[in-house]
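# Structure assessment
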Amino acid sequence: MSTFDFLKVRRLYIDYDNLDQELLNEVIREEPSFQWCISCGCCTATCSAGNHTTFNIRRISLILRRGEIEGLEEELKKCMLCGKCTLVCPRDIQLRNVVMNIKKIVLKKKTA
Amino acid sequence: MKKIAVIGGGIAGLEVSRLLLQEGLPVTLIEKGSRLGGNLRNYAHLFPDFTPSDEILGNYRFLPSNSDLQLLMNTQIESIDFSTQPYTLHSKDGIAIPADPLIIATGYQVFDAKLKEEFGYGIYDGVITSVELEKMIKQHHIVTPYGKIPRRIAFIHCVGSRDAKVGNSYCSRLCCITAIKQAIETKKLLPETEIFCFYIDLRMYGLTFEELYLNAQKEYNIQFVRGRLSETSEMIDKRLIIKAEDTLIGRPLQMKADMLVLMVGMEASDFSKQFAYHNGLEIGDHGFFQPLNQFNARSKSQKEGIFFAGTSIGPMSVAETIEHARAAALSAISYLKDKEY
Amino acid sequence: MAQNYTEPSKKIYWKDYVKNIPDDDYFFFRSCIRQTFFPGAEQAFLFILKNHLHKNYFDDPRLTTCTGIGYHSDIIPLETLHTLIARHFSIMNESGYSNLIISCVTTFGVMTEVLNTWHEFPETLEKTRKNLLKTTGRTFELPKAIAHASDIIYLYKDEIGKQLVYQLVNKETSEPLKVVDHVGCHYSKIFPHHGIGGAEFPKVLSEIIKAWGGEVIDYPERRHCCGFGFRQYLIKESRGYSLSHAQIKFESMQPYHPDFILTNCPGCNMFMDRWQYVIQETAGKVYSSDGNGIPVLSYEELAALLLGYDPIQIGLFMHQTEVLPLLEKLGIQFDKNEYSKLRAESHHNTKISR
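Residues numbered from 1 in each chain as written. Chains lettered and ligands numbered in written order. Predicted model: local features only at pLDDT ≥ 70, side-chain atom pairs only at ≥ 80, totals over all residues. Heavy atoms only, no water.

## Brief notes about the interface of chain A and chain B
Just so we agree on the cut-off: For this analysis, residues touch if any pair of their heavy atoms sits within 4.5 Å. Values labelled buried area give the accessible surface lost by two parts on being combined, using a 1.4 Å probe and summing over both. Any carboxyl oxygen of Asp or Glu within 4 Å of a side-chain nitrogen of Lys or Arg constitutes a salt bridge here. For the purposes of these results, a polar contact is taken to be a pair of N or O atoms within 3.5 Å, where, inside protein, one atom must be able to donate a hydrogen and its partner to accept one; residues adjacent in sequence count only when each atom of the pair is a side-chain atom.
Each partner contributes residues to the interface: chain A has 20 residues there, and chain B has 18 residues. With both sides pooled, the region where chain A packs onto chain B buries about 1,500 Å², and carbon together with sulfur makes up 47% of that total. Taken together, chain A and chain B are joined by two salt bridges. For Asp92 of chain A, the salt bridge identified is with Lys165 of chain B, shortest N-O distance 3.5 Å. Inspection of the region where chain A meets chain B yields 14 residue pairs in polar contact (both at pLDDT 80 or more).

The structure is reproduced here in C-alpha cells:
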C-alpha cells in the first residue's frame, strides 16, 4: 500500500489550519516587536549575510508565521548577528534579539 | 470690533476667513511670513487631475481687499492670554489681538530628510526631496545638480513617515499619490528617463488615485519596486547607488540612478509644536494638534472657543484641507450663535 | 579623477555625534592580535603619547584578553565576558586610573556593550560583582571615561600636526595623497554615540587625514565591513565570505586610485592587508596600478611615520601588502636595504599555490 505514489504527494499550499505555531508564540513572548513587521525589506537590503548567501532575514518572520520551520535553524546559521537590520528597521524591531531567541528556543527544544 | 482671529495664511486659514467674511463676520488673519498661500505655493500641479495650484490660490485673490478683513502679515503669535474675555493673542512684536473664537490653521512642514542620514540627503547632490522636484517641474526643467538630463530617477516613498527611528510612525498618506503624480509629470518632460518608485505599500485611497497608478504603468511605463530604501552611496561619476530589497522576489537589489527623489512626509510644524507647548494646547501622539475627537469634532479643540483648520491636525490633501477649513468655519459660527443666546 | 571629500554646507546631524575624550592619565588596554601582526603599532601609539603629547599613561601587564573574538564567535558565554571585563576594571581601579583607552575596536565594542548592558540591566551588574568577588576576591568600579586610542589621536590631531616631519603629500607631484578611511564596525555601528561622527559618517579617521594634509576618498562601499566577521573568518568553511566582503571594498575603492587605506581596527588592518595578497595570489587581481596593492596603515603607524619614526622601528616591513611605494611617495628617509631584508625574512614561504 505504502508504495502508491499518491501517498507521497505533498500539497504545496500553506496549511493554515495545521500550523506549528509553538515556536512562533515563544518567540513573540520573548520579543514582541517581532510581530510588527511590514515586510519593507530594509533589513534584507542592508544584510551582509544576505548579500552573499540566500539568507533573507525578512523572510524569517514570514516563515515562522506560516509555520514553515523546517530548515529554519540551518538558515539562521548564516546570520552574523551584526545588527545592521535592527539599525535600519523603520518599525524598530529588535531583529538581532529575534534571531538569538529562535536559536535559543530551538536549542532548548532539542536538549529537552 | 473684529474678534475672530485666524492664525495661518495657508489655504486652510484663507478658506476659513473666506467663509466667515461671506457670513458677514469680521476676521483678523495673522500670517507669520510675508506671503499668503502657505505650502501650496510650493506645488505646481495637484493630484489626481493635475489642476494647477494657482487655480486654487486664485480663489483667494480678492480676499485681502475685503474691508471686514484685518490682515496682519509678518506677525508671529507667541502666546494666548486665556484670562481675558475674549482671549488675547500676543505677537512677538508686542501686538495684542482679541480672539473670540480663535482658529488655528498653522499647517505642516515637510520632514527634514537630513535626519535619515543613510539616504544621503544634504550629503550627495543627486539626492533631492519631492518639494525640490516640484520646483523643477514648475520650471519645466529637470536636471541633475550637474546640469545633465537624468537617465534614471528613483522615487523613494515613506521618507520620514512610517518610521519609528525618526519618531514619525504614522503614514503621511499623500506622498504615494504625489510620487505617482510627479513621476508622470517627470516622464512627460523626460520621455527617455527610466523611473522607478520604491514603496512599502501603495496607498491609493482616493476615488481616482488607483486610475492614476494604472495610468502610470500603462501610459508612462513607470516601474514599481516593493522595497524600502536601505542606504545610498555615490560613485566616482557622481551617480548614486541605492540598496533595497525587492521584497516580492525576495532578494536584495542594487541600482544605479542619476537622481533620487525622497518623498518627504508631512509633520507638525515646529511653530505649531512650540505654540501648543507654551500655551497648554493639547498635542496628539504624532505632534499634531489633538482635536476633541476624530469623528464629529475634528475641528474643535479641547478648549472652549479654539478651533482647528487644515493640516494643523494631521496630513491632508488640498481638497481635504478646504473641507476641513469649512467645517472649522461652521463650528466657529455655531459657537458664536450659541454665545448670543 | 579623484573626488574631493567636501563638507556639505547645510546642517548635518551626524556632526552632533560628539563625545568626551579624556585628555590625560590613560589606562591603556592592548589588543590581542595586533602585537602579533603589526608589532610596532601600539608601541608607536605609546611613543606618541609620551614623547609628543607628554601624557601620562599606564600599560598594565596584568591585563589579559577582553575575549571579544571568542565572544563574537559564540565560544565565550556572556557571563564569562562580563566577569573578565570586570576584572580588567578592577585592575584599573587598583592602578589608580579611571580613563580607559582601548587599542582594539573589538575590545572597544565589547566594553561599550558591557557597560550599556549593565546600565540597561542593573541586575547583570550586580551578578557580575558577585561573580568577580567569588572567583577572584576583587571588587570594581566603572571607568569614568572610555575612548578608543584613535579618539586620542583625533583629539590631538592638530597638536601632532604641528610636529609632523612629513605631510600627506606626494613628494614628486606636491598633490595631497588620496586616502581611504576604514573605521572598524564595532567603533560606532553598535553604539553610534560612542563614535565621533556616529555610524554613518564616522569622522575619527577622515578628520585626521585632512588635518595632516591628505585627501579623503568617499566611495560607495565606504561603510562596508572589512570581512573579518569573527566566525566567518575563524571557521575555515566560511572563510570565503570573509574574503568576498573584503573584495567588495577593494573593487569599490579601486577607481579612485587611493594611495593607501587607513584603519583604526586591528582586525580590519589585518584583513585589508592580508586579503589583498590572497586575492592577488589566487585570482591574480591587484587593486593598484603599480602592481603592489593598496598599502594599509593604522592611525598610529601613520602618525609615527609622519612624525619621523623609522619605518623599520614601527615594523612596517611586517605588512603583507608592500608599503614601500607609499614611503617613497611621502619621501621618507630610511635604510631600504635593511627594510627589504627584514621584509624578505618575515614573509618567506608565503606563496599560495593556485
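## A word on the sheet that holds strand β6 (residues 77-81) of chain B
All names here are of chain B. This is how the line gets drawn: For two strands to pair, DSSP has to find at least two bridges joining them. What counts as a helix is a DSSP run of H or I of at least four residues, what counts as a strand is a run of E of at least two, and both are numbered from the N terminus. Here an angle of 0 to 180 degrees is reported between the N-to-C directions of two axes, which are lines fitted to C-alpha atoms, with helices fitted over the stretch in contact.
With respect to topology, three strands assemble into an open sheet ordered β6-β7-β8, the strand pairing being antiparallel. Whereas interior strands pair on both sides, the edge strands pair on one side only; in this sheet they are β6 and β8 (96-99). This sheet shows a mean twist of 30 degrees between the axes of neighbouring strands, independent of strand direction. Bridge count for β6 against strand β7 (residues 87-91) is four bridges, and the pairing is antiparallel. From the neighbouring strand, Asp81 faces β7, where its bridge partner is Thr88.

## Overview of the domain arrangement of chain C
Residue and element names in this part refer to chain C. What counts here: These domain boundaries are the output of an automatic or database domain assignment. Gly is placed with the polar residues, together with every amino acid not listed as nonpolar (Ala, Val, Leu, Ile, Met, Phe, Trp, Tyr, Cys and Pro) or charged (Asp, Glu, Lys and Arg).
What the domain assignment reports for chain C is domain 1 (26-149) and domain 2 (155-346). Of note, the centres of domain 1 and domain 2, computed from C-alpha atoms alone, are 25 Å apart. The interface of domain 1 with domain 2 comprises 34 residues on the first partner and 34 residues on the second. Counting each side, the surface lost to burial between domain 1 and domain 2 is near 3,100 Å², with a carbon and sulfur contribution of 69%. When residues of domain 1 are sorted by the area they lose upon contact with domain 2, Phe38, His52 and Val105 head the list and together hold 22% of the total. In this structure, the connection of domain 1 to domain 2 is made through one salt bridge. Between Arg34 and Glu300 there is a salt bridge, and its shortest N-O distance comes to 2.4 Å. In this structure, the connection of domain 1 to domain 2 is made through six residue pairs in polar contact (both at pLDDT 80 or more). Only α1 (34-37), α2 (40-52), α3 (68-72) and α5 (105-120) provide two or more residues apiece to the side of domain 1 that touches domain 2. Among the residues making up the side of domain 1 that touches domain 2, the classes are represented as 16 nonpolar, 13 polar and five charged.

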